[in-house]
Amino acid sequence: MGYSVDLNSDLGEGFGAWTLGDDDAMLELVTSANIACGFHAGDPTTLLATCESAATRGVRIGAQVGYRDLAGFGRRFIDMSPKDLTADVIYQIGALDGLARVSGSRVTYVKPHGALYNAIVHHRRQARAVVAAVVAYDSSLPVLGLPGSVFLEEAREAGLEIVAEAFADRAYTAEGTLVPRTESGAVLHDPTLVAERVRRMVVDGELDAVDGSTVKVAAASVCVHGDSPAAVDMAAAIRALLESSDVEITPFT
């Protein structure tokens, strides 16, 4: 039986004089780039350069939309109206799509970031607002989200293509949700252990939760965060182990 999976990473998250992560190195390893849209991170010059780098390497570009929260890196929940959230998401997709198009590419999917991603696992009003934005901008764009989330449920009902995602370097609860970053052990750092964890996700369809229980996983795309100190080493280890296990690394569509 053959296996395949998409590898994605959050990129373009520097701002001005501050550089975060090695985007060029990550773009040599992943097949999809979730590029910031300026609300949680990324200034126009950084985002344009990241789009150009992705386009040169044939890596697909996704709009990573989030709350307007530069100070908190988009990791703080904002209780905003659905109307405002929809407009903010449309704005972000459009801005990144413009930068991607002048780079010879385009936005090919949408993935929420940080607190917004986690909120719309259960927050139905905000989930509907994000879905409404994608439908309004381009209903052919797939959306990435956590399996079992109300976001993917609402997206499916709206006729959007949904892509179930798993996280290489994040701990999971027994319910299949991500352990909050405020808790100890929420982020994993050992490239060898993480690579084996991803192999198990893709080949066996399961992983170990923080309480020791087994969680079923069915993911078309696996995220390796680009802002951790060992991000490139981790992505390289994951890719090498998957390829040696006869898993094809390929975009999800």
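The structure this text deals with has already been given above.
Residues numbered from 1 in each chain as written. Predicted model: local features only at pLDDT ≥ 70, side-chain atom pairs only at ≥ 80, totals over all residues. Heavy atoms only, no water.

Undergrad: Which residues make up the pattern of salt bridges, and what values go with them?
TA: Opposite charge on two side chains makes pairing possible when the charged atoms of those side chains draw close. Considering all chains together, one arrives at 15 salt bridges under this definition. Here D69 ties to R76 by a salt bridge, and the two come within 2.5 Å at their closest N and O atoms. A relative accessible area of 4% places D69 in the buried class. Between R101 and D97 there is a salt bridge; the shortest N-O distance is 3.1 Å. Here R101 and its partner D97 are both found in helix 3 (residues 82-102), four residues apart, which amounts to about one turn of the helix. (Salt bridge = Lys/Arg side-chain N within 4 Å of Asp/Glu carboxyl O. Buried < 20%, exposed > 50% of the residue type's maximum accessible area, 1.4 Å probe, protein only. Helix = DSSP H or I, 4+ residues; strand = E, 2+ residues; numbered from the N terminus.)

Undergrad: Talk me through helix 2 (residues 44-57); I want residue IDs and the actual numbers.
TA: In this model, helix 2 (14 residues) spans 20 Å end to end at C-alpha, consistent with the 20 Å of a helix rising 1.5 Å per residue. Turning to helix 2, its buried residues number three or more, namely T46, L47, T50, C51, S53 and A54. Seen from one end, helix 2 has its buried residues packed into an arc of 165 degrees, which puts them on one side. Seen from the open side of helix 2, the exposed residues pointing more than 90 degrees away from its buried face are P44, T45 and T56. Tucked inside the fold, the buried residues of helix 2 contact strand 1 (3-11), helix 1 (23-27), strand 2 (32-36), strand 3 (60-65) and helix 3. Its side-chain oxygen placed 3.1 Å from the backbone nitrogen of T45, D43 serves as the N-cap of helix 2. G58 lies just past helix 2 and shows a positive phi near 75 degrees. (Expected span 1.5 Å × (residues − 1). Arc of directions from axis to C-beta. Contact = heavy atoms within 4.5 Å. Polar contact = N/O pair within 3.5 Å; in protein donor to acceptor, adjacent residues only side chain to side chain.)

Undergrad: Describe the nonpolar core, with residues and values.
TA: I93, I238 and L242 are the most contacted members of the largest nonpolar core, which totals 61 residues. Setting aside its immediate chain neighbours within four residues, I93 contacts A63, V65, V107, V110, V134, Y137 and L141. In terms of nonpolar packing, the next biggest core, distinct from the first, is built from 13 residues, Y117, A166, A209 and C223 among them. (Core = buried A, V, L, I, M, F, W, Y, C linked by side-chain atoms within 4.5 Å.)

Undergrad: I'd like a description of the environment of A55, backed by residues and values.
TA: Inspection of the secondary structure puts A55 in helix 2. A55 sits in the partly exposed class, given a relative accessible area of 24%. It is 28 Å that separates the C-alpha atoms of A55 and R75, two residues lying 20 residues apart in sequence. Once residues lying within four places of it in the same chain are set aside, the contact partners of A55 are S103 and S105.

Undergrad: Now, about the pairing of strand 1: what can you tell me, with residues and values included?
TA: Among the nine residues that make up strand 1, seven are buried, leaving the element largely enclosed by the rest of the structure. With three bridges joining them, strand 1 and strand 9 (residues 221-223) adopt parallel strand pairing. In the sheet register, D6 faces strand 9, and the bridge partner there is S221. As judged from the four bridges shared by strand 1 and strand 2, these two strands associate in the parallel manner. What sits directly across from D10, in strand 2, is N34. (Pairing = 2+ DSSP bridges.)

Undergrad: Run through unusual backbone geometry, naming residues and quoting values.
TA: Even without a glycine there, the phi angle at F73 is positive, about 55 degrees. Relative to the assigned elements, F73 resides in the loop between strand 3 and helix 3. Of note, D246 is a non-glycine position whose phi angle comes to about 65 degrees, a positive value. The residue D246 is located in the loop between helix 8 (231-244) and strand 10 (247-249) in this model.

Undergrad: Tell me about the packing of aromatic side chains, and please be specific about residues and values.
TA: Within the structure shown, the criterion is met by four aromatic pairs. Where F39 meets Y91, the ring centres are 5.8 Å apart and the plane angle is 40 degrees; that geometry is what we call tilted. Linking F39 in the loop between strand 2 and helix 2 with Y91 in helix 3, this pair joins segments that are 52 residues apart in sequence. Using a relative accessible area of 5% as the deciding quantity, one classes F39 as buried. Seen from their ring centres, Y109 and F252 are 5.4 Å apart, and the 75 degrees between their planes marks the pair as edge-to-face. (Phe/Tyr/Trp six-rings, centres within 6.5 Å; stacked < 30°, edge-to-face > 60°.)

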